[in-house]
Amino acid sequence: MLNLIGTMDPDTEAAIVHFRPDPWINSLISSKDYTPISTEARSPKPNGEDNFFSRTTKTENTIPHVLTLQRRDVSLPPSKVPTWLPATKQDVAAAKANPTPSATPPDVLMIFALQDGVLGRPETTHGGITATLIDQAMFNAIAAHTSQLPRSGDPVTVQLDVRYKGQVTTPGVLVIRSRVVARDGKKFWVRAQAIQEDDDSGGHLEWTKREKVKADAMGFWILTPAEKL
């Protein structure tokens, strides 16, 4: 097992300790393809930026732990505008020749410990919270592509399309995988999926558990100069 403790910020270290006992999450943390990075949105800023993640949901009864894993080798995305998520059966048929790009392999994995403070319905995270977490994962995927380049603006969401596929069981662990599938200058198209490990049998054996997509999403983002925000 890779020992990461003592090499990063306290929030990230605490999240690794919290998630390690989960075999599925431990396999993600231990992957040679990904490395833990600081979740910058969890750090308070003097101007109030990121207060939702660094204050509102950084509590024991909302989302006490968040872990971000970034792909070590982030591939350059194509510049061709991708096919959007199909909305109708006709769209699905039309997209067969040019399908929507996959969210895998993700540029970023974000892992959230969800508690009952984010419930919208019994044992279910509010759909707006799920969309917000997806939005943040998309932002981090874009950051993985731009962090080593001269700063030309901040990514802002122009369009976010979330398709809900199932209940986000809460309390529980939610993994969001996010990948930049196209870039044209300051324009980014991003795919993301929210995933949980469900027990199909109603039992407790590890082999009966399956990863299920609870929400599928696509976003369109633009780098915007800070003075225009």
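Scroll up to find the structure this text is about.
Residues numbered from 1 in each chain as written. Predicted model: local features only at pLDDT ≥ 70, side-chain atom pairs only at ≥ 80, totals over all residues. Heavy atoms only, no water.

## A look at the pattern of salt bridges
Under the defined criterion, the tally for this structure stands at six salt bridges. Taking the shortest distance from any N to any O, the salt bridge between Asp33 and Lys32 comes out at 3.4 Å. Residue classification places Lys32 among the exposed residues on the basis of a relative accessible area of 67%. (Salt bridge = Lys/Arg side-chain N within 4 Å of Asp/Glu carboxyl O. Buried < 20%, exposed > 50% of the residue type's maximum accessible area, 1.4 Å probe, protein only.)

## Brief notes about the packing of aromatic side chains
Enumeration according to the criterion identifies three aromatic pairs in this entry. A ring pair is formed by Phe52 and Phe53, whose centres lie 5.3 Å apart and whose planes are at 90 degrees; its orientation type is edge-to-face. Judged by relative accessible area, Phe52 falls into the partly exposed class, the value being 30%. Judged by its relative accessible area of 7%, Phe53 is buried. Between the aromatic rings of Trp189 and Phe220, the centroid separation amounts to 5.1 Å while the plane-to-plane angle is 35 degrees, which identifies the pairing as tilted. Note that Trp189 is positioned in strand β8 (residues 187-199) and Phe220 in strand β9 (residues 209-224), a separation of 31 residues in sequence. (Phe/Tyr/Trp six-rings, centres within 6.5 Å; stacked < 30°, edge-to-face > 60°. Helix = DSSP H or I, 4+ residues; strand = E, 2+ residues; numbered from the N terminus.)

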